[in-house]
Amino acid sequence: MILLPAIDLHEGSCVRLLRGDYATAQKVAEDAVETALGFQQAGARWLHMVDLDGAKAGHPLNRETILRVRQNTKMQIEVGGGIRSMQQVEDYLENGIRRVILGSAALQNPGFVKEAVQKYGDSIAVGIDARHGMVAAEGWTETSSVDYLELARRMEQIGVRYLIVTDISQDGTLNGPNLEMLDRINNAVSCEIVASGGVGNLKDIIDLYNLNLYGAIIGKAIYAGAIDLRMALTEARRMSERKTASEIDINRYFAKSELIPAVVQDAGTGEVLMLAYMNRESLKKTLETGFTWFWSRSRQELWNKGATSGHTQQVVNIYADCDDDTLLVQVNQKGAACHTGNHSCFFKKLL
């Protein structure tokens, strides 16, 4: 899954909106080029840019700023906002923009979208922005009577490969993406789905990855400091490289016992945090979710670390020892690992 940091342009500034309301525009950065270069230095390979003024006016208004970013960075850039004609599509693509996003045009002029797709193929994406399941247009200022799934199927039929899907009610809230909506559209069409709106932490990114989406856009969470972009990009790459539970012979680790010890280690510091036990099912769930699951010997049940406390353990690596009967689980620990409130369970020094 690719991650695309976002730059939204309004009156020449980098801003973020809350639920698409222009009255909530908040400046989050002074200069678009400097912001983009920061994303590039963090490891981003793609950049998502939106001309908010253009989306509202019906024609590009921040073209010069967008092309200045293009000229000063090496990232692949996708651009949306106010693109309503073939001339505007050609202008962006001929000036180095990798992908052009058509939004209102998909709703109002599907013939134009079809022509653009026939000419430029996967350099054309369609943005589907929904409010209560209905497609919005004109910079989200108008809501249609067209269901988002219906529009997605129409776009699939005319050959659109990429759909950028936003639940407007979640956009800018940091409350998490609309996973149900995204899962539904991902299963309804064969297009590649890019999620937009609501991403507020690394768990949201993992949740989107688990839906098998093509990509996710991150905006406000970066500017607010809720997500470290470099860490998020690293995690996305690790998840993409991680073996699935079906690719691992889980049974080999339980040849001697139905329970095996799992030593949990802080991936950043190397500190040993705790010791717990896993059975086949808890190891399988750990591999599938990217967060630690264990077997409670006292309660005789599965338990997910941090499910009640919020002190979750995001898995970075899992190693088996030489005898395949003990696991070392390296994690990004959130909060304390020990129920006493200590970061590590090993705080009683004997010698």
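Before any of the text, the structure's been laid out above.
These remarks concern the structure in this document. The shown structure was predicted, so the numbers you read here are calculated from the model rather than taken from an experiment. (Residues numbered from 1 in each chain as written. Predicted model: local features only at pLDDT ≥ 70, side-chain atom pairs only at ≥ 80, totals over all residues. Heavy atoms only, no water.)

Moving on to the packing of helix α4 (residues 86-94) against helix α6 (residues 110-120). At their nearest, the axes of α4 and α6 sit 11 Å apart, and the two run at 35 degrees to each other. In the packing of α4 onto α6, the handedness of the crossing is right-handed. Of the residues in α6, those in contact with M86, V89, E90 and L93 of α4 are F112, E115, A116, K119 and Y120. Looking at the contact of α4 with α6, its residues break down into six nonpolar, no polar and three charged. (Axes fitted to C-alpha atoms, helices over the stretch in contact; angles between N-to-C directions. Helix = DSSP H or I, 4+ residues; strand = E, 2+ residues; numbered from the N terminus. Left-handed = near helix turned anticlockwise from the far one by under 90°. Contact = heavy atoms within 4.5 Å. Nonpolar A, V, L, I, M, F, W, Y, C, P; charged D, E, K, R; others polar.)

For the pair helix α1 (residues 32-42) and helix α3 (residues 63-72), the least separation of the axes is 9 Å and the interaxial angle reads 40 degrees. By the angle between their directions, the pair α1 and α3 is classed as oblique. Crossing of α1 against α3: the hand is right-handed. When α1 is examined against α3, the residues A32, V33, A36 and L37 are found in contact with a partner set consisting of T65, R68, V69 and N72. Among the residues making up the contact of α1 with α3, the classes are represented as five nonpolar, two polar and one charged. (Parallel < 35°, antiparallel > 145°, perpendicular 65-115°, else oblique.)

This paragraph deals with the pairing of strand β10 (residues 162-167). Within β10, six of the six residues are buried, which leaves the element mostly enclosed by the surrounding structure. Burial of the side chains of β10 extends over both faces: Y162, I164 and T166 are buried on one face and L163, V165 and D167 on the other. In this structure, strand β7 (residues 124-131) lies alongside β10, joined through six bridges in parallel fashion. Paired with A125 across the bridge in β10 is Y162. Relative to strand β11 (residues 192-196), β10 runs parallel, the two sharing five bridges. Looking at β11, one finds that V165 is bridged to A195. For the crossover from β10 across helix α8 (residues 179-188) to β11, the handedness is right-handed. (Buried < 20%, exposed > 50% of the residue type's maximum accessible area, 1.4 Å probe, protein only. Pairing = 2+ DSSP bridges. Right-handed = clockwise from strand over helix to strand, strands pointing away.)

Within the open sheet, the four strands sit side by side as β14-β13-β18-β17. Their pairing is mixed. The open sheet has two edge strands with one neighbour each: β14 (272-278) and β17 (313-320). Within the sheet, the average angular offset between the axes of one strand and its neighbour, ignoring direction, is 25 degrees. In terms of strand pairing, strand β13 (residues 260-266) meets β14 through six bridges, oriented antiparallel. Among the inter-strand pairings, I260 is bridged to a residue of β14, identified as M278.

A cluster of nonpolar side chains, contributed by V272, L275 and F346, occupies part of the molecular surface with about 280 Å² of accessible area. Mapped onto the fold, V272 is located in strand β14. (Patch = residues over 30% accessible without salt bridge, like charges linked within 9 Å, V, L, I, M, F, W, Y side chains within 5 Å. Areas by Shrake-Rupley, 256 points an atom, 1.4 Å probe, with all protein chains shown as cover. Salt bridge = Lys/Arg side-chain N within 4 Å of Asp/Glu carboxyl O.)

Tallied over the entire structure, the rule returns three aromatic pairs. On the numbers, 5.1 Å between centres and 50 degrees between planes, the contact of Y162 with Y214 is tilted. With Y162 in strand β10 and Y214 in the loop between α9 (202-210) and β12 (215-218), this residue pair connects regions lying 52 residues apart in the sequence. Taking the centre distance of 5.2 Å and the plane angle of 45 degrees together, the rings of F294 and W303 count as tilted. Of the residues examined, F294 reaches a relative accessible area of 0% and is grouped as buried. For W303, a relative accessible area of 23% puts it in the partly exposed group. The ring of Y162 has R99 sitting right over it, with the charged end atom 4.1 Å from the ring centre. One Lys or Arg, K285, reaches over the ring of W293 and ends 4.4 Å from the middle of that ring. (Phe/Tyr/Trp six-rings, centres within 6.5 Å; stacked < 30°, edge-to-face > 60°. Lys NZ or Arg CZ within 6 Å of the ring centre and 35° of its normal.)

Any link to function would need more than the numbers given here.
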